[in-house]
Amino acid sequence: RGTGPADDLTPLAVPAARAAGCPFDPAPGVERARREEPVTRATLWDGSTCWLVTRHEDVRAVLGDPRFSAEAARPGFPFLTAGGRVLATSKPTFIRQDDPEHARLRRMLTADFMVKKVEAMRPEVQRLADDLLDRMTAGRDAADLVAEFALPLPSLVICLLLGVPYDDHAFFQERSRLLLSLRSTPEEVRTAQDDLHHYLCGLAEAKRREPDDGIVSRLVARGELDDEEVSSMGRLLLIAGHETTANMTALSTLALLRNPAQLERLRAEPSLIKGAVEELLRYLTIVHNGLPRVATEDVTLGGRTIRAGEGVLCTLNSANRDEDVFPGGDALDVGRDARRHVAFGFGVHQCLGQPLARVELQIAVETLLRRLPGLRLDIPFEDVPFRHDMGIYGVHALPVAW
Ligand code: HEM
């Protein structure tokens, strides 16, 4: 392994492609880097380069170190696409800001996503999951699990929390898709961003006239934020709140169907569900293209010197397969203690919504397995439309039968 400057490294083009036939595994190039050259170079869409950090220990070191900034406007910040640059820079939210501004805004939401608060929502989430499955299965024995269960469940929950009318779901789901697609042009991203922005500004204004107990209304009522800022926070929560859990639900179902012994074990021992969800989060790591940061000082990591102003991508999916932390990590094992996974990130930006995501996923997976004992894939595995083209990995659709 080399040391010092990066001259001896051959950059890996990112996002790197997964191997055909291994849709649950990180791209072979990223896996190879973790084993052979864990802090390496990557080439981005515009020909610029950044660092790729692939090991569990190093990923946590970067994400936990204030010398690495999450502020997308800083020179050297790495973007995966031209559209991604527009998304991160045109109307920044606190996920792409540093402390103290990040902490000030995040603090306004922490009470809403505390474990205790979210655990109290279990009966409501269970009721929604049961209603959706009642509707999906009524008089039928096949359906698209994404459209009828995995996507509506977290969408309904985040709408309830924010005070966003669920009737508008087609509007915001379509905009979210455009924002998260690696194929969207900068113009498409800008338009989708503007659409959502105007929608949420309008909502903030409506809540000022007619308050309710949703998050948007309470942010407005604090009087510390203008409608633009409320809109940015609402947009972040709306997108993060449904795209992620939806894809984890569908991909988890598929991964269990592909690993029948694990599925049977979980069915036989439902008390494993909490640990199984952590293992699925680790194994599938749907935020799959690397969390972006930029160094604000020179930092030595894995024998390499990352210079101030150089970008870094922390690949969570390779960190979650790191054999030093998760022996036999390429296998799904619902009995594993996977709690050290970094699927929710690490450090000050670690996922705010993780208690909610956990409750939703535990309920979604447990309810599906319990209520549909004959659940099976309804198309050949090779035909499953994986989301290689999206910032959040998963499946575009999942035709199942029961
Ligand atoms: C941040 C993953 C569900 C809201 C993050 C980050 C990751 C992540 C990796 C860190 C980003 C970074 O450091 O650059 C996930 C996964 C989810 C999930 C895998 C589901 C399985 C949710 C839900 C919400 C949410 C349900 C709720 C509303 C947020 C917010 C941030 C965030 C607001 C920004 C936190 C900050 O910058 O301080 N998420 N997330 N996420 N997530 Fe999630």
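A short tour of the structure in this document, coming up. Computed from a predicted structure; not experimentally measured.

Definitions and cut-offs
- Residues numbered from 1 in each chain as written.
- Predicted model: local features only at pLDDT ≥ 70, side-chain atom pairs only at ≥ 80, totals over all residues.
- Helix = DSSP H or I, 4+ residues; strand = E, 2+ residues; numbered from the N terminus.
- Contact = placed C-beta atoms within 7 Å.
- Near = placed C-beta within 6 Å.
- Nonpolar A, V, L, I, M, F, W, Y, C, P; charged D, E, K, R; others polar.
- Axes fitted to C-alpha atoms, helices over the stretch in contact; angles between N-to-C directions.
- Parallel < 35°, antiparallel > 145°, perpendicular 65-115°, else oblique.
- Left-handed = near helix turned anticlockwise from the far one by under 90°.

## Topic: the environment of Leu219
Structurally, Leu219 can be placed in helix H11 (residues 215–222). For the pair formed by Leu219 and Arg208, sequence separation is 11 residues and the distance between their alpha carbons is 9.9 Å. In this structure, Leu219 is in contact with Met108, Leu225, Val230 and Met233, ignoring residues within four places of it in sequence.

## Digging into the site of the ligand
Near the ligand there are 24 residues, and of these Gly241, Gly345, His349, Cys351 and Gly353 occur at the shortest range. Counting residues per element, the shell around the ligand draws most heavily on helix H12 (residues 227–258), which supplies seven residues. Looking at side-chain class alone, the shell around the ligand contains 17 nonpolar, six polar and one charged residues.

## Some remarks on the environment of Ile286
Relative to the helices and strands, Ile286 resides in the loop between helix H14 (273–284) and strand S6 (291–295). Residues Ile286 and Ala42, 244 residues apart in the sequence, show an inter-C-alpha distance of 20 Å. Beyond its immediate sequence surroundings of up to four residues, Ile286 is in contact with Thr244, Asn247, Met248, Leu251, Ile392, Tyr393 and Gly394.

## Here we look at the packing of helix H3 (residues 82–89) against helix H10 (residues 186–209)
For the pair H3 and H10, the least separation of the axes is 8 Å and the interaxial angle reads 30°. Comparing their axes, H10 and H3 come out roughly parallel. Here H3 and H10 pass one another in a crossing that is right-handed. On H10, the residues touching Ala82, Gly83, Val86 and Leu87 of H3 are Pro186, Glu188, Val189, Arg190 and Gln193. Of the residues assigned to the contact of H3 with H10, the class counts are five nonpolar, two polar and two charged.

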